[in-house]
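Residue-level structure breakdown
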Amino acid sequence: DTGVSQDPRHKITKRGQNVTFRCDPISEHNRLYWYRQTLGQGPEFLTYFQNEAQLEKSRLLSDRFSAERPKGSFSTLEIQRTEQGDSAMYLCASSSGGGWEQYFGPGTRLTVT
Amino acid sequence: KQEVTQIPAALSVPEGENLVLNCSFTDSAIYNLQWFRQDPGKGLTSLLLIQSSQREQTSGRLNASLDKSSGRSTLYIAASQPGDSATYLCAVRRETSGSRLTFGEGTQLTVNP
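Values in this document were obtained by computation on a predicted structure and should not be read as measured data. Residue indices follow the written sequence of each chain, beginning from 1 at its first position. Ligands are numbered from 1 and chains lettered from A, in the order in which they are written. Side-chain atom pairs in this predicted model are given and counted only at pLDDT of 80 or more, local residue features only at pLDDT of at least 70, and totals for whole chains, interfaces and linings cover all residues. Values reported for side chains reflect all heavy atoms of the structure, with hydrogen atoms and water molecules removed beforehand.

**Quick look at the sheet that holds strand β1 (residues 5-7) of chain A**
Residues and elements named next belong to chain A. Following DSSP output, two strands are said to pair if at least two bridges run between them. Think of it this way: any DSSP run of H or I at least four residues long counts as a helix, any run of E at least two long counts as a strand, and we number them from the N terminus. Pairing is antiparallel in the open sheet, where four strands are placed in the order β1-β3-β8-β7. Taken across any chain shown, the strands that pair with only one partner, and hence form the sheet edges, are β1 and β7 (65-68). In this sheet, adjacent strand axes meet at a mean angle of 15° when their direction is disregarded. One ladder, built from four bridges, connects β7 with strand β8 (residues 75-79); its direction is antiparallel. In the strand pairing of β8, Glu68 is matched with Thr76. Only C-alpha atoms enter the line fits that serve as axes; for helices the fit covers just the stretch in contact. Angles between N-to-C directions range over 0 to 180 degrees.

Right, here's the structure in full:
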């Protein structure tokens, strides 16, 4: 079991550029989550997939943000026209089974200059 | 709206001391509660998951308790070690919120040799 992986680990971009992050969940985990964490705060929920269906979206997920999980395996999170306020750690988690225990990846740290 | 509070925000103890971290939540209608550890700049490591029907869970030197009716959980760490230094986060999943976790802001623990 290789755990949840995320790519890239770090991303520096200029304001106004688009960025895309990838998450590979633990194999056979059917649920996948995205969270955002700013310095000194706990993670905040962004969105949730069960298989390929996006079942929940937070109000934090503005129309500049889009997430996909096309084949129910890996997921991508895209941010269009990045703003400095988008600078944060973007965390992905996955789970399966009735316990709903979530396992997190190492995160992608985004810095918008 | 569910709110999660962790006290204290920071804690510094000498090696070998037993310690308690506190977590409180405003809505007692939770499905489960999860404790995580986060090292600086890293993702989250799941420590313990307590289902709403359980009172406590143990893993090694860690013991987590849950009092759902009063909206409280504690994480007890026995015989603390410098390697325990990290930020500890608690998170709750509400019965009616689908799958999202709501996090506290964490307790930053430093164990001094």
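**Topic: the sheet that holds strand β1 (residues 4-7) of chain B**
All names here are of chain B. Taken in spatial order, the five strands of this open sheet run β1-β3-β8-β7-β6, and their pairing is antiparallel. Taken across any chain shown, the strands that pair with only one partner, and hence form the sheet edges, are β1 and β6 (56-59). In this sheet, neighbouring strand axes are inclined to one another by 15° on average, regardless of whether the strands run parallel or antiparallel. Pairing of strand β3 (residues 19-25) with strand β8 (residues 72-77) involves six bridges; the strand directions are antiparallel.

**Notes on the state of the cysteines**
By disulfide we mean two sulfur atoms from cysteines, separated by a distance within 2.5 Å. In total, this model carries two disulfides over all chains according to the counting rule given. Bridging A:Cys23 to A:Cys92, the disulfide has an S-S length of 1.8 Å. Across the S-S bond of A:Cys23 and A:Cys92 the torsion is about -70°, and the bridge reads as left-handed. In this pair, A:Cys23 is assigned in strand β3 (residues 19-24) and A:Cys92 in strand β9 (residues 88-95), connecting sequence segments 69 residues apart. We call a residue buried when its accessible area falls under 20% of the maximum for its residue type, exposed when it is over 50%, and partly exposed in between, using a 1.4 Å probe and counting protein chains only. Judged by relative accessible area, which is 0%, A:Cys23 ranks as buried. Shown here is the disulfide that connects B:Cys23 with B:Cys90, its sulfur atoms set 1.9 Å apart. Every disulfide takes its handedness from the sign of the S-S torsion; for B:Cys23 and B:Cys90 that torsion is 75°, giving right-handed.

**Quick look at the interface of chain A and chain B**
On the chain B side, the residues contacting the 22 residues of chain A number 22 residues. With both sides pooled, the region where chain A packs onto chain B buries about 1,700 Å², and carbon together with sulfur makes up 48% of that total. A side-chain nitrogen of Lys or Arg and a carboxyl oxygen of Asp or Glu constitute a salt bridge if their distance falls within 4 Å. At the junction of chain A with chain B, the criterion picks out one salt bridge. Note that A:Glu56 is salt-bridged to B:Arg100, the shortest N-O span being 3.3 Å. Whenever two N or O atoms come within 3.5 Å, that pair is a polar contact, provided that in protein one can donate a hydrogen and the other can accept it, and provided that, for residues adjacent in sequence, both atoms are side-chain atoms. On the surface where chain A and chain B come into contact, there are six residue pairs in polar contact (both at pLDDT 80 or more). With three residues, strand β4 (residues 31-37) of chain A is the largest single contributor of residues to the side of chain A that touches chain B. We call two residues contacting when some pair of their heavy atoms lies within 4.5 Å. By definition, the buried area sums, over both parts, the 1.4 Å-probe accessible area that each loses when the two are put together.

**Looking at the pattern of salt bridges**
Under the counting rule described, the total for this entry stands at seven salt bridges over all chains. The salt bridge involving A:Arg64 is made with A:Asp86; its shortest N-O contact spans 2.9 Å. Of this pair, A:Arg64 sits in the loop between β6 (53-57) and β7 while A:Asp86 is found in the loop between β8 and β9, placing the two residues 22 residues apart along the sequence. Between B:Asp27 and B:Arg94 there is a salt bridge; the shortest N-O distance is 2.9 Å. With a gap of 67 residues between them, B:Asp27 in the loop between β3 and β4 (30-38) and B:Arg94 in strand β9 (residues 86-94) connect regions that are remote in the sequence. With a relative accessible area of 22%, B:Arg94 lands in the partly exposed category. In the salt-bridge network here, residues are joined through shared partners; they are A:Arg64, A:Glu83 and A:Asp86.

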